[in-house]
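Each chain, letter by letter, is given below.
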Amino acid sequence: QVQLQASGGGLVQAGGSLRLSCQASGSVSIYRMGWYRQAPGKQRELVATITSGRSTTYADSVKGRFTISRDNAKNTVYLQMDSLKSEDTAVYYCNAYRFLFGREYDYWGQGTQVTVSS
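Residues numbered from 1 in each chain as written. Predicted model: local features only at pLDDT ≥ 70, side-chain atom pairs only at ≥ 80, totals over all residues. Heavy atoms only, no water.

Chemist: Describe the nonpolar core, and please don't skip the residues or the numbers.
Modeler: In this structure, L4, M33, W35, L79, M81 and Y92 are the most contacted members of the largest nonpolar core, which totals 32 residues. Residues within four places of M33 in sequence aside, it is in contact with L4, C22, V28, A48, T49, I50, I68, R70, V77, C94, N95 and A96. (Core = buried A, V, L, I, M, F, W, Y, C linked by side-chain atoms within 4.5 Å. Buried < 20%, exposed > 50% of the residue type's maximum accessible area, 1.4 Å probe, protein only. Contact = heavy atoms within 4.5 Å.)

Chemist: Lay out the environment of Y31 in plain terms, naming residues and giving numbers.
Modeler: Along the chain, the position of Y31 falls in the loop between β3 (18-24) and β4 (32-38). Taking relative accessible area as the criterion, Y31 reaches 5% and is therefore assigned buried. Leaving out residues up to four positions away in the same chain, Y31 has contacts with V2, I50, T51, S52, R70, A96, Y97, R98, Y105 and Y107. (Helix = DSSP H or I, 4+ residues; strand = E, 2+ residues; numbered from the N terminus.)

Chemist: I'd like a rundown of unusual backbone geometry, residues and numbers included.
Modeler: Residues apart from glycine generally show negative phi values, whereas peptide bonds are mostly found in trans. Positioned with a positive phi, R54 is a non-glycine residue whose angle comes to about 75 degrees. R54 gets classed as partly exposed once you look at its relative accessible area, which sits at 44%.

Chemist: Now, about the packing of aromatic side chains: what can you tell me, with residues and values included?
Modeler: Following the criterion strictly, the structure yields two aromatic pairs and no others. With 6.1 Å between their ring centres and 55 degrees between their planes, Y31 and Y107 make a pair best called tilted. Taken as a pair, Y31 in the loop between β3 and β4 and Y107 in strand β10 (residues 103-108) lie far apart in primary sequence, 76 residues in all. Looking at Y107, the relative accessible area reads 12%, which means it is buried. Here the aromatic rings of Y36 and W108 are separated by 5.0 Å at their centres, their planes lie at 65 degrees, and the arrangement is edge-to-face. Residue Y36 is found in strand β4, and its partner W108 is found in strand β10; the two are separated by 72 residues along the sequence. Seen from the ring of Y93, R44 lies directly overhead, with NZ or CZ sitting 3.8 Å from the centre. (Phe/Tyr/Trp six-rings, centres within 6.5 Å; stacked < 30°, edge-to-face > 60°. Lys NZ or Arg CZ within 6 Å of the ring centre and 35° of its normal.)

Chemist: Mind laying out the sheet that holds strand β1 (residues 4-7), listing which residues take part and the relevant values?
Modeler: Strand order in the open sheet made by the four strands is β1-β3-β8-β7, with antiparallel pairing throughout. One side of each edge strand has no neighbouring strand; the edge strands of this open sheet are β1 and β7 (66-71). Strand-to-strand twist in this sheet, taken as the mean axis angle between neighbours without regard to direction, amounts to 15 degrees. (Pairing = 2+ DSSP bridges. Axes fitted to C-alpha atoms, helices over the stretch in contact; angles between N-to-C directions.)

Chemist: Give a detailed account of the pattern of salt bridges, specifying residues and quantitative values.
Modeler: Counted by the stated rule, this structure contains four salt bridges. Residue D88 is joined to R37 by a salt bridge in which the shortest nitrogen-to-oxygen separation is 2.9 Å. With D88 in the loop between β8 (76-81) and β9 (90-100) and R37 in strand β4, this pair connects stretches of sequence that are 51 residues apart. Each member of the pair, D88 together with R37, is buried. Note that D88 and R65 form a salt bridge whose closest N and O atoms lie 2.8 Å from each other. Separated by 23 residues along the polypeptide, D88 in the loop between β8 and β9 and R65 in the loop between β6 (56-58) and β7 bring together distant segments of the chain. Each of the two residues, D88 as well as R65, counts as buried. (Salt bridge = Lys/Arg side-chain N within 4 Å of Asp/Glu carboxyl O.)

Chemist: Tell me about the pairing of β3, and please be specific about residues and values.
Modeler: When you tally the buried positions in β3, you get five out of seven residues, the bulk of the element. When β1 meets β3, the two strands line up antiparallel, connected through four bridges. For S7, the partnering residue across the bridge sits in β3 and is S21. Of the strand pairs in this sheet, β3 and β8 are connected by six bridges, and their pairing is antiparallel. When the bridges of β8 are listed, C22 appears paired with V77.

Laid out in structure tokens, this is it:
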């Protein structure tokens, strides 16, 4: 069982920056880590993922503005968010996922609110 604690959200003006952190309770070095977000009235959507080999993927809406990274020594994943827009306002969730020997391991953090004022 892995517990994830997301932090770093807050209120920021459009054009500003925030860095989200996701602290895991144990090693997640072999997990694919990801950030997802859910805006009011909308479905949860993928923001970015990073594999154990540090390959990254991004939603088109955040490419060039957001950067996901991981520090396995600290069991932490980060999401650097720059040039924030009002449409980035959402609750951001951290995820740890792996598929091993026919079984899925899928863990979620509690979410951190990001509000971007225009």
